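# Descriptive analysis of the structure
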Amino acid sequence: MTFQNEGYEIIKINKVNKIKTLRKKFINIFSVVSRLNKYKIIKNDGDIIKLYQDNKKLWVAAYDQIRLLPEIYSIIDDDFCKRVQKSCNIKIPAFTSKPLVRVYMPNNIGTAKTVPHIDYPSHRGSSNAVTVWFPLQNLSAESGTLRILPGSHKIKTTLGSIKDNTIKRIDITKRNYDSKMIDVKIKSGEAIVISQFLIHSSGNNVSDKIRFSIDCRFNDLEDKTYALRKYYVNQLSYYQKR
């Protein structure tokens, strides 16, 4: 399997202890926000789920802050970027946007479940742009994972809604890509690098735990077509606070 043929590659990012510590920090931030607002101390995944059910505004306030923690960049560091470059041959990586933290709770509540889509219409950066996704815990069939359609990156369409990330592909129907998508087998300390033209979605979480994950996106500043568009940066309402 190669990135060029399949549109994705699983890489080792290591940093298992930092990833574990970051997950604990996320839980602690939920507790700080909850405690200072005179709700309750948050100790575990179940408490975060209960906070969402009882006081969604506090949950959102905590979520808004975990996305900004500097510890995220202790994982997405120079070594991380070099490993991504090696897998997909990006020459000069630059973030398309800030990293996204996803708090995917049982029954698909929390950060919204994503339907099958491609990332490129929402960013419209370099022609070889990639998305990198990694979990903050080991995954199981119950917790769900990222789902992908290998090889679907070969048709590089820019059609679709920028806001909604919709796919407009005349070569493949929704029924076809639903049935052909596969679950990514990945564990803590690993990441999947995917082309922004690869069809992917999030799997269902039917466990009793939270699936924390982070994804970030890279353009290639050496891409000539991107340079000729003066390195267009798409600022989406999708990424603004709702």
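Every value quoted in this text rests on a predicted model; they were computed, and no experiment measured them.

## Describing helix α5 (residues 78-88)
- Burial in α5 covers these residues: Phe80, Cys81, Val84, Ser87 and Cys88. Angular distribution of buried residues about the axis of α5 spans 125 degrees; they occupy a single face of the element. Within α5, the exposed residues directed more than 90 degrees away from the buried face are Asp78, Lys82 and Lys86.
- Where α5 is buried, its residues meet α1 (3-6), β1 (8-12), β5 (130-135), β8 (190-195) and β10 (211-220).

## Quick notes on the packing of helix α3 (residues 45-54) against helix α4 (residues 56-66)
- Contact pair α3 / α4: the axes reach a minimum separation of 5 Å and the direction vectors enclose 125 degrees. Judged by the angle between their axes, α3 and α4 are oblique. Contacts between α3 and α4 involve Ile48, Leu51, Tyr52 and Asp54 from the former and Lys56, Leu58 and Trp59 from the latter.

## Quick notes on helix α2 (residues 16-36)
- The end-to-end C-alpha distance of α2 is 30 Å, a good match for the 30 Å that 21 residues give at a rise of 1.5 Å each.
- Every buried residue of α2 is accounted for by Ile19, Leu22, Arg23, Phe26, Ile27, Ile29, Phe30, Ser31, Val33 and Ser34.
- Those residues of α2 that are buried lie in contact with α3, α4, β3 (100-105), β5 and β10.
- Lys38 sits one or two positions beyond α2 and adopts a positive phi of about 60 degrees.

Cut-offs used in this document
Residues numbered from 1 in each chain as written. Predicted model: local features only at pLDDT ≥ 70, side-chain atom pairs only at ≥ 80, totals over all residues. Heavy atoms only, no water. Buried < 20%, exposed > 50% of the residue type's maximum accessible area, 1.4 Å probe, protein only. Helix = DSSP H or I, 4+ residues; strand = E, 2+ residues; numbered from the N terminus. Arc of directions from axis to C-beta. Contact = heavy atoms within 4.5 Å. Axes fitted to C-alpha atoms, helices over the stretch in contact; angles between N-to-C directions. Parallel < 35°, antiparallel > 145°, perpendicular 65-115°, else oblique. Expected span 1.5 Å × (residues − 1).

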